[in-house]
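Read off the chains here:
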Amino acid sequence: MSTPLHPAFPRRVLSSGATAWFASALFGQWAFVAFVLMFFGSPLVDGDLAALNRKPHITGYVPGDLVGNVQFVGHALLGGLVTFAGVWQLVPALRRRWPALHRWNGRLFLGIALLVTLTGFYLTWVRGSRLGFASALSTSINGLLILGFALLAWRSALRRDVATHRRHALRAYLLVNGVWFLRIGIMLAALVLAPLGVKIDYDGAPFLVVSFASWVLPLAVLELYFRAERSPRASVHYAMGGGLVVLALATLAGSLAAMAFMWWPVLWRD
Ligand code: HEM
């Protein structure tokens, strides 16, 4: 006779799936943060801003354009910082042990997310750093959603409405990571499409699909996760937990590919 499963087992499968995804996202996001700090930080320390154009950008560093350059470098470095700050907010042990740290880091995260989003709007719509209208529209909707959910997360935290705060803060966290999702999404799409002979050009359909998917898909998966949490059915917990493990593997593969083909070669080029 087989031993009956512990009643909490299905929920443990669900939370283990979430932990697996989080662990692989943590790895990939910190690799991105390390790249951003090294790539954008060292020319700033050396006072050699022209070195920023060692890799292709949409606009990048333009001699004489003080406002544009400040927004460009500030956007990227603060983007790295907000990615770094966001991840800590999700660690339950930190929230429980040091609630004041969670609150201060949360304020830092939401404040910097606002700055990064507004400088992103400037770069795209004032400086003209656009790959195309549709992809600029996609990043801008992502930006507007960041502003919306950051505000809602802040408001619900002030009201001490923890359940609502958690939902909005998780949405804001995923949206802030849209830039990172876009990069690992491009890598995953390339891994699948390259063997089929399909190239990913900045004005082609695959790039646009990945652009929109970089924020729509994470939000959709999060909504499914919230539903699974509320569901009393064990099968739903198993399906979502298993799905998250698959996504954790995909996230890890995309992150490793971005490190190997996107970030590492740029940092170690002469
Ligand atoms: C808060 C979320 C965001 C973060 C963390 C972020 C982060 C970054 C980072 C790290 C880069 C440099 C990437 C690289 O060189 O590989 C970058 C570039 C860029 N970002 Fe963002 N970004 C965010 C939101 C936005 C938004 C909402 C927009 C537009 C509406 C935007 C527009 C841009 C543009 C146009 C560039 C490229 C500039 C160029 O190449 O000349 N970003 N972002």
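The model shown is predicted, which means the values in this text are computed figures rather than measured ones.

About the thresholds
Per chain, residues are indexed from 1 in the order of the written sequence. Only residues with pLDDT of 70 or above have their local features reported here, since the model is predicted, and side-chain atom pairs are shown and tallied only from 80 upward, although totals for entire chains, interfaces and linings are computed over all residues. Note that the side-chain values use all heavy atoms of the structure and ignore hydrogens as well as water. Counting from the N terminus, the helices are DSSP H or I runs at least four residues long and the strands are E runs at least two residues long. Taken over C-alpha atoms, the radius of gyration is set against a globule rule of 2.2 Å times the number of residues to the power 0.38. Partly exposed residues are those whose accessible area sits between 20% and 50% of the maximum for their type, while under 20% is buried and over 50% is exposed, using a 1.4 Å probe and protein chains only. Contacts are assigned to residue pairs with any non-hydrogen atoms lying within 4.5 Å of each other. Accessible areas in this description were obtained via Shrake-Rupley with a 1.4 Å probe; residue shielding takes into account the shown protein chains only. Neither His nor the chain ends contribute to the count of charged residues, in which Lys and Arg are positive and Asp and Glu negative. Where a charge lies is defined by one atom per residue type: Lys uses NZ, Arg uses CZ, Asp uses CG and Glu uses CD. Consider each residue's heavy atoms; a residue with any of them within 4 Å of a molecule or strand counts as near. Polar contact criterion, stated in full: a pair of N or O atoms within 3.5 Å, where within protein one must be able to donate a hydrogen and the other to accept it, and residues adjacent in sequence count only if both atoms are side-chain atoms. To get an axis, fit a line to the C-alpha atoms, keeping to the stretch in contact for a helix; angles then go from 0 to 180 degrees between the N-to-C directions. Here is the rule for angles: anything less than 35 degrees is roughly parallel, anything more than 145 is roughly antiparallel, 65 through 115 is roughly perpendicular, and the remaining ranges are oblique. In this scheme, a crossing is called left-handed if the near helix is turned counterclockwise away from the far one by less than a right angle; it is called right-handed if the turn is clockwise. The residue classification treats Ala, Val, Leu, Ile, Met, Phe, Trp, Tyr, Cys and Pro as nonpolar and Asp, Glu, Lys and Arg as charged. All others, Gly included, are polar. We define a salt bridge as a contact between a side-chain nitrogen of Lys or Arg and a carboxyl oxygen of Asp or Glu at a distance within 4 Å.

1. Quick word on the overall build of the protein
Here comes step 1: Per the secondary structure count, the protein includes 9 helices and 0 strands.
Here comes step 2: Going residue by residue from the N terminus, the α and β elements of the protein occur as α-α-α-α-α-α-α-α-α.
Here comes step 3: Relative to the 2.2 N^0.38 estimate, which gives 18 Å for 270 residues, the radius of gyration of the protein is 20 Å and therefore close to what a compact globule would have.
Here comes step 4: Expressed along its principal axes, the backbone C-alpha trace of the protein runs to roughly 75 × 50 × 30 Å.
Here comes step 5: Here the protein holds 270 residues, and 40% of them are scored as buried.
Here comes step 6: Here the analysis covers contacts within the protein between residues at least 6 apart in sequence; of these, 72% occur between residues at least 24 apart.
Here comes step 7: With the model as given, the accessible surface of the protein reaches about 14,900 Å², and the carbon-plus-sulfur share is 71%.
Here comes step 8: Charged side chains of the protein number 23 positive and 9 negative; the gap between the two group centres comes to 16 Å.

2. Section: the site of the ligand
Here comes step 1: Taken together, 28 residues are adjacent to the ligand, and Lys-55, Ile-58, Thr-59, Gly-60 and His-75 come closest.
Here comes step 2: Residue Thr-59 places a main-chain N or O atom 2.8 Å away from an oxygen atom belonging to the ligand.
Here comes step 3: Taking His-75, its side chain carries an N or O atom lying 2.8 Å from a nitrogen atom of the ligand.
Here comes step 4: When contributions to the shell around the ligand are tallied by element, the ones reaching two or more residues are helix H1 (9–46), helix H2 (66–88), helix H4 (99–126), helix H5 (133–158) and helix H7 (178–193).
Here comes step 5: Counting residues per element, the shell around the ligand draws most heavily on H2, which supplies 6 residues.

3. Some words on the side chain of Thr-117
Here comes step 1: Along the polypeptide, Thr-117 turns up in helix H4.
Here comes step 2: On the accessibility criterion, Thr-117 (8% relative accessible area) is buried.
Here comes step 3: Within the structure, Thr-117 has its side chain in polar contact with the backbone oxygen of Ala-113 (distance 2.6 Å).
Here comes step 4: Leaving out residues up to four positions away in the same chain, Thr-117 has contacts with Gly-143, Ile-146 and Leu-147.

4. Re the environment of Ala-258
Here comes step 1: Along the chain, Ala-258 turns up in helix H9 (residues 234–267).
Here comes step 2: Residue Ala-258 is classed as buried on the basis of its relative accessible area of 0%.
Here comes step 3: Considered as a pair, Ala-258 and Met-187 are 71 residues apart in the sequence and their alpha carbons are 6.1 Å apart.
Here comes step 4: Setting aside chain neighbours within four positions, we find Ala-258 in contact with Met-187 and Trp-263.

5. Here's the deal with the packing of H4 against H5
Here comes step 1: Where H4 meets H5, the closest approach of the two axes is 10 Å, and the angle between their N-to-C directions is 155°. Between H4 and H5, the angle is such that the two are roughly antiparallel. Our pair here, H4 against H5, has a crossing hand that is left-handed. Across from Leu-110, Gly-111, Ala-113, Leu-114, Thr-117, Phe-121, Thr-124 and Trp-125 in H4, the residues of H5 making contact are Phe-133, Ala-136, Leu-137, Ser-140, Gly-143, Leu-144, Ile-146, Leu-147, Ala-150 and Trp-154.
Here comes step 2: Split into classes, the residues belonging to the contact of H4 with H5 amount to 13 nonpolar, 5 polar and no charged.

6. A closer look at the packing of H5 against helix H8 (residues 205–230)
Here comes step 1: Where H5 contacts H8, the two axes come as close as 8 Å, and the packing angle between them is 15°. The angle between H5 and H8 falls in the class roughly parallel. Taken as a pair, H5 and H8 cross one another with a handedness that is left-handed. For the pair H5 and H8, the contacting residues are Ala-134, Ser-135, Ser-138, Ile-141, Asn-142 and Leu-145 in the first and Phe-207, Leu-208, Ser-211, Phe-212, Trp-215 and Leu-219 in the second.
Here comes step 2: Residues belonging to the contact of H5 with H8 are distributed by class as follows: 8 nonpolar, 4 polar and no charged.

7. Quick notes on the pattern of salt bridges
Here comes step 1: A complete count under the given rule lists 4 salt bridges for this structure.
Here comes step 2: Two residues, Glu-223 and Arg-171, come together in a salt bridge whose shortest N-O distance is 2.9 Å. Remark: Arg-171 occurs in helix H6 (residues 162–176) and Glu-223 occurs in helix H8; sequence separation between them is 52 residues.
Here comes step 3: Residue Arg-171 is classed as buried on the basis of its relative accessible area, which comes to 11%.
Here comes step 4: The salt bridge partner of Asp-201 is Lys-199, with a shortest N-O separation of 3.9 Å.
Here comes step 5: When its relative accessible area of 65% is taken as the criterion, Lys-199 is described as exposed.

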